[in-house]
Amino acid sequence: MIRTVQTTPFDDQKPGTSGLRKKVPVFQQPNYVENFIQSVFDSLDGYRGKTLAIGGDGRFLNREVIGIAIRMAAANGFGKVIVGKGGILSTPAASNIIRKYGCFGGIILSASHNPGGPHEDFGIKYNIGNGGPAPEKITDAIFARSKAIREYRIADIGPLDLDRIGTTRAGDMAVEVIDPVTDYAALMETLFDFEAIRAMFKGGFRMAFDAMHAVTGPYAKEILENRLGAPAGTARNFVPREDFGGHHPDPNLVHARELYDEMMAPGAPDFGAASDGDGDRNLIIGRGIFVTPSDSLAVLAANAHLAPGYRAELKGIARSMPTSAAADRVAAKLKIGMYETPTGWKFFGNLLDAGMATICGEESAGTGSDHVREKDGLWAVLLWLNILAVRKESAKDIVTKHWAEFGQNYYSRHDYEAVETDKANALIDELRGRFATLPGQKIGALTVAAADEFAYHDPVDGSVSKNQGTRVLFEGGSRVVFRLSGTGTSGATLRVYIEKYEPDPAQHGRDPQAALAELIAAADAIAGIRRHTGRDAPTVIT
Ligand code: G1P
Ligand code: ZN
């Protein structure tokens, strides 16, 4: 029985960097979820009879929203939904399912690395048939529709059993519940030298993987321990919880502090890694060295040929604008294309589809390749393991040698979270107003070479995305980028990205905050961070 329900629009359903993200109580308002999902369906064409993939990171509200999505898919004429057992699919696994089974698209429920629970964050994202996040023209259409929507359709069907693998029916629609890990693990086996990694573990290699009570737990258990023979206990905090055990499932040096401390202490395992709430981010820490995501992208690109899935020359490398230029030097050496996109994985999709890029990455702990259309936490960890197994060197040696060959891009991001929106906007507006006068100005020993707002001209579809971050470039190649987050759920988050290139090996491996001190001071002098925000220190430094 299909019901058409009258509703009134909400005015705040604008998808951000990665889908619609709000606090749980916002999603719990009557019709809020239904309005958004109907707005998604109303913005799509030609899905009748086709298959929709549905899954989420298991956070609070996951099951309820999965139930609503399935009932609405049935009412709107989808032929089938594929859903992960228990409503679980990591974001990269969902991308794989969409591609592997030729789905029309997918609905992914996640707020990524943000905390979960009744008062924390939730999110809904739509991915298109290539497995990647919907591009801006679709997210804009969804937002426009959400402001005008008057009714939604939902099917009254009995209780759904999402815990039993197999196919059942929901009205005219088939509901196939699948194991969330199987297809993903099979894909990883095609890309990496599992035998070499297995031999490395057999030889006593020790690793710590922190799943942060989030979705990657079952994936890590199966792949690292069951298939690669890592000792039991390699995967930690591997049982996904609705509230991630009360922590932020954010694999950075603040929220994965314990792992970091362990990796820096005597007797540390050979390799440490972590992943986020929905499994698309990664943290890489070798014994005695934290590898910045920007460096990790560069090292992975330079060594990818050591893995069976990447033996052929890479087609190109892409990075988001705020990500350091370390990978650019690798692309130059390999004589392959290098693309600089706005922040957010949705901008990589066209380059990957067009065969212009093979590996993509962001400074925010997101790396991936053309195997899916999302960043992929475990993929990055497995590529690292493959490289370590073949080179038989430590992560620290590999990174140090990389710097010696290419130079080191010192890099840090300073986040000022929950700043009043007006104040954050005023800071950016003031900065924009100074683009014309900044060049030539001296701040300490630094001279501003240029200041502008990043705009992206997509080389594949010709679309233009403006206002993608404010850049201040200094003579000598250092830079500071200012951007407001598009994923936050309270106030504004100001991100300040700081980068300095250091070619001299004698100057490598220093504490980045010290190496970047002059630029950090310049960032405040130029943008008036203290003056505008009233803060005298960032909330998080990565
Ligand atoms: C953040 C990251 C960005 C990433 C996104 C989704 O977005 O900065 O690189 O793609 O999360 O994981 P932001 O909050 O900066 O808009
Ligand atoms: Zn994520």
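Residues numbered from 1 in each chain as written. Chains lettered and ligands numbered in written order. Predicted model: local features only at pLDDT ≥ 70, side-chain atom pairs only at ≥ 80, totals over all residues. Heavy atoms only, no water.

Q: Would you mind showing me how to read unusual backbone geometry here?
A: Peptide bonds are trans in most cases, and residues, glycine excluded, mostly fall at negative phi. Backbone geometry at histidine 213 places phi at a positive 55°, although glycine is not the residue there. Within the secondary structure layout, histidine 213 lies in the loop between strand 10 (207–210) and helix 8 (216–227). For alanine 365, which is not a glycine, the phi torsion comes out positive at approximately 70°. For alanine 365, a relative accessible area of 8% translates into the label buried. (Helix = DSSP H or I, 4+ residues; strand = E, 2+ residues; numbered from the N terminus. Buried < 20%, exposed > 50% of the residue type's maximum accessible area, 1.4 Å probe, protein only.)

Q: Whenever I open this one, the nonpolar core confuses me. Can you help?
A: Burial of nonpolar side chains together is a common tendency in soluble globular proteins. Counting residues in hydrophobic clusters, the biggest one holds 75 residues, and the most contacted among them are Met188, Phe192, Met207, Phe271, Trp379, Trp384 and Leu385. Considering every element that reaches this core, the biggest residue donor is helix 13 (residues 377–391), with 11 residues. Apart from the residues lying within four places of it in its own chain, the contact partners of tryptophan 379 are Tyr184, Met188, Leu191, Phe192, Leu300, Tyr310, Ile359, Thr367, Gly368, Ser369 and His371. The next biggest cluster of nonpolar side chains, apart from the first, holds 45 residues, and it includes Val65, Met72, Ala73 and Ala134. (Core = buried A, V, L, I, M, F, W, Y, C linked by side-chain atoms within 4.5 Å. Contact = heavy atoms within 4.5 Å.)

Q: Just to check I follow, could you spell out the sheet that holds strand 21 (residues 446–453) for this structure?
A: Strand pairing in a sheet takes place through backbone hydrogen bonds and is either antiparallel or parallel in direction. As summarised here, the arrangement of the seven strands in space is 20-21-24-25-26-19-27, forming an open sheet in which the pairing is antiparallel. Edge positions in the open sheet fall to strand 20 (442–443) and strand 27 (540–541), since each of these has one partner strand only. Two elements, strand 19 (residues 408–419) and strand 26 (residues 492–502), share 10 bridges in a ladder whose sense is antiparallel. Note that in strand 26 the partner of valine 419 across the bridge is alanine 492. Against the sheet, helix 15 (residues 421–433) engages strand 19, strand 21, strand 24 (470–474), strand 25 (479–484) and strand 26, with an angle of about 140° to strand 25. (Pairing = 2+ DSSP bridges. Axes fitted to C-alpha atoms, helices over the stretch in contact; angles between N-to-C directions.)

Q: Honestly, the packing of aromatic side chains in this entry has me stumped. Any pointers?
A: Given two aromatic rings, one states the distance between the centres and the angle between the planes to describe the pair. Here the structure, examined in full by the defined rule, presents 14 aromatic pairs. When the ring of phenylalanine 27 is compared with that of tyrosine 32, the centres are 5.5 Å apart and the planes differ by 85°; the resulting orientation is edge-to-face. With respect to class, phenylalanine 27 is no different from tyrosine 32; both count as buried. Ring centres 6.1 Å apart and planes at 35° place the aromatic pair phenylalanine 271 and tryptophan 384 in the tilted group. Of this pair, phenylalanine 271 sits in strand 12 (residues 271–275) while tryptophan 384 sits in helix 13; the two residues are 113 residues apart in sequence, bridging distant segments of the chain. In terms of burial, phenylalanine 271 and tryptophan 384 fall into one category: buried. A network of ring pairs unites the aromatic residues Phe10, Phe27, Tyr32 and Phe122 as a single cluster. A cation sits over an aromatic face here: arginine 329 above tyrosine 501, 3.4 Å from the ring centre. (Phe/Tyr/Trp six-rings, centres within 6.5 Å; stacked < 30°, edge-to-face > 60°. Lys NZ or Arg CZ within 6 Å of the ring centre and 35° of its normal.)

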